[in-house]
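Breakdown of the fold
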Amino acid sequence: LIRITEETEGWKEASKKDGYIVHTKKSDNGLNCVRGFGPIDFSAEKVVEFINREDSTEMYDDQYKEGKTVEDIGCGINLSVGYSRYKGTTFVSDRDFCLLSATFRDSQGRYIIIATSIVHPDCPEVKK
């Protein structure tokens, strides 16, 4: 994953606002990758702490409807299963996700946050 984020080829600018740039890229194996650049007046530790807070998503994503931690797995890193539901639009109903996510620091001190959709018995799909 680190290699993908450091590559210069294949990234597309997804958004640019107030000095912040977000790029997206599909990896060779189909993984959707996102990276962002911009000034943040907080330490990396504070940013990661904010991102991992259960109540933070509603502060920066107006499509967010609800969410909760389903299972805190731990295993020496921040590993958990979470449920999130996002508002629908005119032609699309609400969407919900069950994600396995991990946050850790690599040997160079970089924070890595990864997530993938999973099926979990305590995270059933909400029928629309």
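In this report, the structure presented in the accompanying data block is examined. Just so you know, these numbers come straight off a predicted model, no measurement behind them. (Residues numbered from 1 in each chain as written. Predicted model: local features only at pLDDT ≥ 70, side-chain atom pairs only at ≥ 80, totals over all residues. Heavy atoms only, no water.)

Tallying secondary structure elements over the protein chain gives three helices and seven strands in all. Going from N to C terminus, the protein chain has its helices and strands arranged as α-β-β-β-α-α-β-β-β-β. Its C-alpha atoms give the protein chain principal-axis dimensions of about 40 × 40 × 35 Å. Counting all 128 residues of the protein chain, 23% fall into the buried class. Sequence-distant contacts, at least 24 apart, represent 27% of the contacts inside the protein chain between residues at least 6 apart. Within the protein chain, the 22 negative side-chain charges are centred at a point lying 4 Å from the centre of the 18 positive side-chain charges. (Helix = DSSP H or I, 4+ residues; strand = E, 2+ residues; numbered from the N terminus. Buried < 20%, exposed > 50% of the residue type's maximum accessible area, 1.4 Å probe, protein only. Contact = heavy atoms within 4.5 Å. Lys, Arg positive; Asp, Glu negative; His and termini not counted. Charge placed at Lys NZ, Arg CZ, Asp CG, Glu CD.)

To continue, consider the pattern of salt bridges. Under the counting rule described, the total for this entry stands at six salt bridges. The partner of R85 in a salt bridge is D94, with the nearest N and O atoms 3.3 Å apart. One salt bridge in this structure joins R110 and D106, with 2.8 Å as the shortest N-O distance. Overall, D106 belongs to the buried group, its relative accessible area being 18%. Bridged by salt links that share partners, the residues K65, E66, R85 and D94 form one connected network. (Salt bridge = Lys/Arg side-chain N within 4 Å of Asp/Glu carboxyl O.)

Attention now moves to the environment of K68. Position of K68 among the secondary structure elements: in strand 4 (residues 64-72). For the pair formed by K68 and R95, sequence separation is 27 residues and the distance between their alpha carbons is 15 Å. Among all residues touching K68, those that are not within four sequence positions of it are E54, G82 and Y83.

Turning next to the sheet that holds strand 2 (residues 20-26). Backbone hydrogen bonds are what pair the strands of a sheet, in a parallel or an antiparallel way. What the three strands build is an open sheet, ordered 1-2-3; its pairing is antiparallel. Each edge of the sheet is formed by a strand with only one pairing partner; in this case those strands are strand 1 (12-17) and strand 3 (32-37). Strand-to-strand twist in this sheet, taken as the mean axis angle between neighbours without regard to direction, amounts to 20°. Where strand 1 and strand 2 come together, five bridges link them in antiparallel fashion. By the bridge assignment, E13 is partnered in strand 2 with H23. (Pairing = 2+ DSSP bridges. Axes fitted to C-alpha atoms, helices over the stretch in contact; angles between N-to-C directions.)

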